[in-house]
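As a plain string of letters, each chain reads:
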Amino acid sequence: MKILIIDDEELYITGLKELLTHIDENCEINACCDYNNIKNNILSNQYDLIFITKTPKIDILTILSFFQKQNLNGKLIILTSEYISTDIVNYMRYNVAGYISKKYSNDKIFNIINLILLNETYFPNNLVINSFKKIVTNKQIDVIKLINKGLSNKQIAYELNISESTVKVHITNILKRMKCYIRVQLLNKAKELGIDLT
């Protein structure tokens, strides 16, 4: 397994490396702290996991944008000292696999990393729900719930007492905002995020 740590604190890098060796003692771990070094590292290596620590010195969105342009297969994990609910919307757009507090115990971080390695995502539930409501409106959430029940556009229009063309507009906007192409993908993403669709 190949891992990249992006952080500006040597002590934290050392501690995270120690934790990660418990996942795979043969893993190769590299660390970077400046943008040019990160770019060169990404262009010359294929990583399975990439940890980015949220600090004032690291511009996460610029890094995530660069990663997205490179079509990386590695799982992106953001480590933070303080959760900010508005960050989740941006991180979801860049397919971040996890948003983890640095204050968690080693065991909890270890368990979350193992979930992510099993293709799960991790975002604190209360932040996801708040952020999800910033991405889509309450009416659009109602549309998603009815899509989950298997209703057609015509049936959704009837249930919500709106026109079928309005349903189509809602679905188009939801798909675009959630960065999905089809309904099944939308439902899977909503379920991954822990959104109650009943």
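To keep things clear, this report deals only with the structure shown in the data block. If you're wondering where the values come from, they're calculated on a predicted model, not measured in any experiment. (Residues numbered from 1 in each chain as written. Predicted model: local features only at pLDDT ≥ 70, side-chain atom pairs only at ≥ 80, totals over all residues. Heavy atoms only, no water.)

Focus on the environment of N95
Inspection of the secondary structure assignment puts N95 in the loop between α4 (85-93) and β5 (98-101). Take N95: its relative accessible area is 57%, and that puts it in the exposed class. (Helix = DSSP H or I, 4+ residues; strand = E, 2+ residues; numbered from the N terminus. Buried < 20%, exposed > 50% of the residue type's maximum accessible area, 1.4 Å probe, protein only.)

Quick look at the sheet that holds strand β4 (residues 75-80)
Spatially, 5 strands are ordered β2-β1-β3-β4-β5 in an open sheet, and the strand pairing comes out parallel. What marks the edges here is a single partner per strand, and that holds for β2 (28-32) and β5. Strand after strand, the sheet turns through a mean of 20 degrees between neighbouring axes, direction not considered. The strands touched by helix α2 (residues 35-44) are β1 (2-6), β2 and β3 (49-53); relative to β2, the strand with the most contacts, the crossing angle is about 150 degrees. (Pairing = 2+ DSSP bridges. Axes fitted to C-alpha atoms, helices over the stretch in contact; angles between N-to-C directions. Contact = heavy atoms within 4.5 Å.)

Here's the deal with the state of the cysteines
Within this structure, the stated rule accounts for 0 disulfides. Residue C27 stays outside any disulfide, its sulfur separated by 15 Å from that of C32, the closest cysteine. Given the relative accessible area of 13%, C27 is considered buried. Lacking any disulfide linkage, C33 is separated from the closest cysteine sulfur, that of C32, by 7.6 Å. We classify C33 as partly exposed; its relative accessible area is 47%. (Disulfide = S-S within 2.5 Å.)

A word on the packing of α2 against helix α3 (residues 60-69)
Put simply, α2 and α3 touch, their axes get as near as 11 Å, and they point 20 degrees apart. With respect to α3, the axis of α2 lies roughly parallel. In the crossing of α2 with α3, the sense of the turn from one axis to the other is right-handed. Residues Y35, I38, K39, I42 and L43 of α2 touch α3, and the partners they reach there are T62, I63, F66 and F67. Class assignment for the residues of the contact of α2 with α3 results in 7 nonpolar, 1 polar and 1 charged. (Parallel < 35°, antiparallel > 145°, perpendicular 65-115°, else oblique. Left-handed = near helix turned anticlockwise from the far one by under 90°. Nonpolar A, V, L, I, M, F, W, Y, C, P; charged D, E, K, R; others polar.)

Honestly, that's just the spatial picture; any functional story needs more than this.
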